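Coordinate analysis (summary)
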Amino acid sequence: MLAGCILTGVTSCRNDDEPKYEDGTTDSVAETPLGNILSDIFESADSQKDYYIVFDSSSQEYLVLSADEYAIGEAFAQLVVPSSSSPDVRKAPQGAGWIFAGSGKGKFNALKLATKISRQIPADRDFEVHVERGADGSYKVWYRLV
């Protein structure tokens, strides 16, 4: 009888630590060019603090730049097409259309953020992504349409 009670108790236990999924929602991520770039940055041991990823929709190409390279490109763009604003690229993007996508560490978080960004941006639009490394090794990611 004691064995029956124990068996009933064990089989009726429910593990609340298991992930809960709702019908119709998926938390899947896929490897994409942007996801692979973010993944490489997240898993890099490079001491580089900030990265910019620029996407050109006409050529379907990604360009990964350091903050200094991006600043040079911004300065050149200001010479070619002057505007009243002069963004400070050495700070985390604020205003000017930058949207915080999230933060994280590791390949899965990189792919998840890339998937989130790709769902927000139309396929035929150019965009930029700013990736900032934190002191703890995690990354914060922003994006904007250009």
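1. Let's talk about the overall build of the protein
Looking only at helices and strands, one finds four helices and five strands in the protein. Start at the N end of the protein and walk to the C end: the helices and strands fall as α-α-β-β-α-β-α-β-β. Counting only contacts in the protein whose residues sit at least 6 apart along the sequence, the fraction spanning at least 24 positions is 62%. About 9800 Å² of surface is accessible on the protein, with carbon and sulfur atoms providing 55% of the total.

2. Structural notes on helix α3 (residues 67–80)
In a regular helix each residue adds 1.5 Å, so 14 residues correspond to 20 Å; α3 covers 20 Å between its end C-alpha atoms and thus fits that length. All buried positions along α3 are accounted for by A67, Y70 and E74. Down the axis of α3, the buried set is contained in an arc of 60°. They therefore lie on one face. Turned more than 90 degrees away from the buried face of α3 sit I72, F76, L79 and V80, all of them exposed.

3. Focus on the nonpolar core
Ranked by size, the top nonpolar core spans 20 residues in total, and within it L38, V129 and V131 carry the most contacts. Elements represented by at least two residues in this core include exactly α2 (33–43), β1 (50–56), α4 (106–120), β4 (127–133) and β5 (139–145). No other element matches α2, which puts five residues into this core. Non-local contacts of V131, meaning those with residues more than four positions away in its chain, are made with L38, I41, F42, K49, D50, Y51, I53, Y139, K140 and V141. Among the nonpolar cores identified, the runner-up in size contains six residues, and Y52, L65, W98 and W142 belong to it.

4. With respect to the confidence of the model for the protein
With 71% of its residues at a pLDDT of 70 or more, the protein shows a mean pLDDT of 78. Below a pLDDT of 50 lies the segment residues 1–26, which in the model reaches one contact outside its immediate sequence neighbourhood of four places, other chains included.

5. Things to note about α4
Taking 1.5 Å per residue, 15 residues should reach 21 Å; α4 reaches 22 Å between its end C-alpha atoms and fits that length. Restricting attention to buried positions, one finds in α4 the residues A110, L111, L113, A114, T115 and I117. The elements touched by buried residues of α4 are α2, β3 (99–104), β4 and β5.

Quick notes on the rules
Residues numbered from 1 in each chain as written. Predicted model: local features only at pLDDT ≥ 70, side-chain atom pairs only at ≥ 80, totals over all residues. Heavy atoms only, no water. Helix = DSSP H or I, 4+ residues; strand = E, 2+ residues; numbered from the N terminus. Contact = heavy atoms within 4.5 Å. Areas by Shrake-Rupley, 256 points an atom, 1.4 Å probe, with all protein chains shown as cover. Expected span 1.5 Å × (residues − 1). Buried < 20%, exposed > 50% of the residue type's maximum accessible area, 1.4 Å probe, protein only. Arc of directions from axis to C-beta. Core = buried A, V, L, I, M, F, W, Y, C linked by side-chain atoms within 4.5 Å. pLDDT = per-residue confidence, 0-100.

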